[in-house]
Amino acid sequence: MRQIFGMTGAAIAAMTIAAPGFGQETARAAEPIGLQVAQDPSGTLGIVNLNGRTRTDGPFFQSLGTNGRSCATCHVAEQAMSFSAASARDRFDQSHGADPLFAPVDGANCPSLKQEGRSAHSLLLRSGLIRIGLTLPAKMQFTISVVHDPYGCAMIPGTAGSQPTVSVYRRPLPTTNLVFLSGVMFDGRETIVPLNNEQTFFANLIADLTHQATDATLIHAQATQGPTANQLSQIVDFELGLYTAQLRDERAGKLSAHGAEGGPFYLARQPYYPGDNDSLGADPSGEPFDANGMTLFDSWANLHPDGDRGGERDAARREIAAGEAIFNSAPVQISNVRGLNDNPALGSPVSFVGHCTSCHDTPNVGNHSLPLPLDIGTSHSALSDMESDPAITAALAQLSLPDLPVYLINGCPSPFAPGQPESFYTTDPGKALISGSCSDFNRVKGPVLRGLAARAPYFHNGAAADLHEVVNFYNERFSMHLTEQQKSDLVAFLNSL
């Protein structure tokens, strides 16, 4: 059973009963319990701080660098501790581009572009993307070249014989619900010590988050020196106290009503350990994988109308429960996924039937409980003749793909046909830019799914403008054959997380 930072389970239960503001859709803070609520496109988001009322004078909210940024620049409470592309557009308009979010170092398409020009920030404004410059590893099993460079900085030459820097563009991950992590950053580059053992989990998580906070200050805030040990401790303690989830749905009402277990208070009580319900059979408890990993809204499956608005409200609640059942049980035809179909633990199957929870196995959280970065196809290029898998091509056609640089990878064997060479195109080589290994190409982690409604767009590259596009992508990519009603139910469930 996982530790609760700062409070006991009984104390959280008392908070649940006492919490005010559940029915309100305006941002506010409830000081005694550290609850903040904010309206989002689907209803109301809830952010619980187990350390008490959030103080905005701590180092998380301070500019510790040279460009005016703080952690809170990209990790906004009202947007589930990330930020939405819509909010970025509002901030640009209100500040005329002067907001620190748009610092050219990574808030512009290329670092040489001026901060004030709107076109210089098109990827951030349209898709919520931050530029990540990654220096190529000294030892690589592959060669990489640029075939599409829309902004002129896809690969920046190194100096004094150093390796070139590759530009990839990614969404900021939420700095909340961190006690469920199995990897830090999409490509795991800040997982300095592993998060795969219950005995070392919390000490290692603190070490990883401390390292991440240091790098973020030096790189994204362009600090001349790292934060002090005290500042880092305060940042990490603040982050570890945060739990964020949808609190209220505009149609279904309170997501904790009638026995449901939605919202951040239940999330803060969710037991967890590394490997919990691992879909590859590595749960250290010895328990087999249970595809019914989401149980938040089981009690809503057979609701009957209650009161004047009960018919409409209960119908919305049944839709959410139906979406949860689809998430748990709808067949997913898994093929050509790096990390699964080439995985010896599964026997490297050409294809197999899974479920959404095969990749999102952590109960009621939705990420993978052990490190398992995957290539589901979102980094593949939709440019003409660059994708050979028709299912991936059809899936990419469902998305609002940003115009990203495209790289050609040579020198790697096919993971699905051992011994046969394969060249392929990608907009983000993923973990391979850290490890230099062919086996890591395009593989990125799946994030925690809670608080989705407040932080569109989705996928690591912001390719899905909304959750309808997410569902349509998966429906095509994995031959789910969902009806329009099933798609709508699944979106309703995802919006309620």
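Residues numbered from 1 in each chain as written. Predicted model: local features only at pLDDT ≥ 70, side-chain atom pairs only at ≥ 80, totals over all residues. Heavy atoms only, no water.

Draft legend 1. The arrangement of the overall build of the chain in detail. Tallying secondary structure elements over the chain gives 14 helices and 13 strands in all. Since a compact globule built from 497 residues should have a radius of gyration of about 23 Å, the 22 Å found for the chain is in line with a globular shape. Overall, the chain is about 70 × 50 × 45 Å in size when its C-alpha atoms are taken along their principal axes. The burial tally for the chain puts 56% of its 497 residues in the buried class. Taking the intrachain contacts of the chain between residues at least 6 apart in sequence as the baseline, contacts between residues at least 24 apart amount to 66%. For the chain, the exposed area adds up to about 19700 Å²; of that, 52% sits on carbon and sulfur atoms. (Helix = DSSP H or I, 4+ residues; strand = E, 2+ residues; numbered from the N terminus. Rg over C-alpha atoms; globule rule 2.2 N^0.38 Å. Buried < 20%, exposed > 50% of the residue type's maximum accessible area, 1.4 Å probe, protein only. Contact = heavy atoms within 4.5 Å. Areas by Shrake-Rupley, 256 points an atom, 1.4 Å probe, with all protein chains shown as cover.)

Draft legend 2. How the structure looks around the nonpolar core. Within the largest apolar cluster, 45 residues are counted, with the highest numbers of intra-cluster contacts made by Phe297, Trp300, Ile320, Phe327, Leu490, Phe493 and Leu494. Every element with two or more residues in this core is listed here: helix 9 (310–329), strand 10 (332–335), helix 11 (390–396), helix 13 (467–477) and helix 14 (484–495). Residues contacting Leu494, with those up to four places away along its chain left out, are Phe327, Leu452, Leu467 and Val471. (Core = buried A, V, L, I, M, F, W, Y, C linked by side-chain atoms within 4.5 Å.)

Draft legend 3. Looking closely at the sheet that holds strand 7 (residues 165–170). Reading across the sheet, the three strands line up as 4-7-6 and stay open at both edges, with antiparallel pairing between neighbours. The outermost strands of the open sheet, each flanked by one partner alone, are strand 4 (130–135) and strand 6 (155–156). Note that strand 6 and strand 7 share two bridges and pair antiparallel. Its bridge partner being in strand 7, Met155 is matched across the sheet by Val166. (Pairing = 2+ DSSP bridges.)

Draft legend 4. Spatial organisation of helix 6 (residues 201–219). Helix length check: helix 6, at 19 residues, gives a terminal C-alpha distance of 26 Å against a target of 27 Å (1.5 Å per residue), a fit within 8%. Looking only at helix 6, the buried set comprises Phe201, Phe202, Asn204, Leu205, Asp208, Leu209, Gln212, Ala213, Ala216 and Thr217. The elements touched by buried residues of helix 6 are helix 7 (229–240). (Expected span 1.5 Å × (residues − 1).)

Draft legend 5. Spotlight on the pattern of salt bridges. In total, this model carries 13 salt bridges according to the counting rule given. Where Asp99 meets Arg91, a salt bridge forms, and the shortest distance between an N and an O atom there is 3.3 Å. Residue Asp99 shares its accessibility class with Arg91, and that shared class is buried. Between Arg443 and Asp440 there is a salt bridge; the shortest N-O distance is 3.7 Å. (Salt bridge = Lys/Arg side-chain N within 4 Å of Asp/Glu carboxyl O.)

Draft legend 6. Layout of the environment of Asp208. Relative to the helices and strands, Asp208 is located in helix 6. Take Asp208: its relative accessible area is 0%, and that puts it in the buried class. In contact with Asp208, other than residues within four places in its own chain, are Val184, Glu190, Thr191, Ile192, Val193 and Leu195.

Draft legend 7. Fine view of the packing of helix 13 against helix 14. For the pair helix 13 and helix 14, the least separation of the axes is 9 Å and the interaxial angle reads 125°. Accordingly, the angle class assigned to the pair helix 13 and helix 14 is oblique. With respect to the hand of their crossing, helix 13 and helix 14 are arranged in right-handed fashion. Where helix 13 abuts helix 14, its residues Leu467, His468, Val471, Asn472 and Asn475 lie against Lys487, Leu490, Val491, Leu494 and Asn495. The residue inventory of the contact of helix 13 with helix 14, partitioned by class, reads five nonpolar, four polar and one charged. (Axes fitted to C-alpha atoms, helices over the stretch in contact; angles between N-to-C directions. Parallel < 35°, antiparallel > 145°, perpendicular 65-115°, else oblique. Left-handed = near helix turned anticlockwise from the far one by under 90°. Nonpolar A, V, L, I, M, F, W, Y, C, P; charged D, E, K, R; others polar.)

Draft legend 8. Representation of the sheet that holds strand 12 (residues 406–414) in the model. Strand order across the open sheet formed by three strands is 5-12-13, with antiparallel pairing between neighbours. On the outer flanks of this sheet lie strand 5 (143–148) and strand 13 (417–426), each paired with one strand and no other. Recorded for the sheet is a direction-independent mean angle of 20° between the axes of neighbouring strands. Examined bridge by bridge, strand 5 and strand 12 share five bridges and lie antiparallel to one another. If you follow Val146 over to strand 12, its bridge partner there is Tyr407.

Draft legend 9. The packing of helix 6 against helix 7, seen in detail. The geometry of helix 6 relative to helix 7 is characterised by a closest axis approach of 9 Å and an angle of 120° between their N-to-C directions. Crossing geometry of helix 6 relative to helix 7 is assigned as right-handed. Contact with helix 6, carried on its side by Leu205, Ile206, Leu209, Thr210, Ala213 and Thr214, involves Leu232, Ile235, Val236, Glu239 and Leu240 of helix 7 and no other residues of that element.

Draft legend 10. Inspection of the packing of aromatic side chains at higher detail. Under the counting rule described, the total for this entry stands at 18 aromatic pairs. For the ring pair Phe297 and Phe493, a centre distance of 6.3 Å and an interplane angle of 85° mean the geometry is edge-to-face. Remark: Phe493 occurs in helix 14 and Phe297 occurs in the loop between helix 8 (264–268) and helix 9; sequence separation between them is 196 residues. Exposure class is identical for Phe297 and Phe493. Each is buried. Through a chain of ring-to-ring contacts, the aromatic side chains of Phe180, Phe201, Phe202, Tyr243 and Tyr272 assemble into a single cluster. Of note, Arg171 hangs over the ring of Phe83, and the distance from its end group to the ring centre comes to 5.4 Å. Here the basic side chain of Arg338 rests over the ring of Phe424, its NZ or CZ set 4.6 Å away from the ring centre. (Phe/Tyr/Trp six-rings, centres within 6.5 Å; stacked < 30°, edge-to-face > 60°. Lys NZ or Arg CZ within 6 Å of the ring centre and 35° of its normal.)

Draft legend 11. Representation of the state of the cysteines in the model. This model, assessed by the stated rule, comprises two disulfides. The disulfide partner of Cys110 is Cys153, and the S-S distance across this bridge is 2.0 Å. Between Cys110 and Cys153 the disulfide shows an S-S torsion of about -90°. By sign, it is left-handed. In this pair, Cys110 is assigned in the loop between helix 4 (104–107) and helix 5 (122–127) and Cys153 in the loop between strand 5 and strand 6, connecting sequence segments 43 residues apart. A relative accessible area of 1% places Cys110 in the buried class. Note on Cys153: relative accessible area 6%, which makes it buried. There is a disulfide in this structure between Cys412 and Cys438, and the S-S distance comes to 2.0 Å. Residues Cys412 and Cys438 are joined by a disulfide whose S-S torsion is about -80°; by sign, that bridge is left-handed. Here the residue Cys412 occupies a position in strand 12, and Cys438 occupies one in the loop between helix 12 (432–435) and helix 13, the gap between them amounting to 26 residues. Owing to a relative accessible area of 3%, Cys412 belongs among the buried residues under this scheme. Judged by relative accessible area, Cys438 falls into the buried class, the value being 9%. (Disulfide = S-S within 2.5 Å.)

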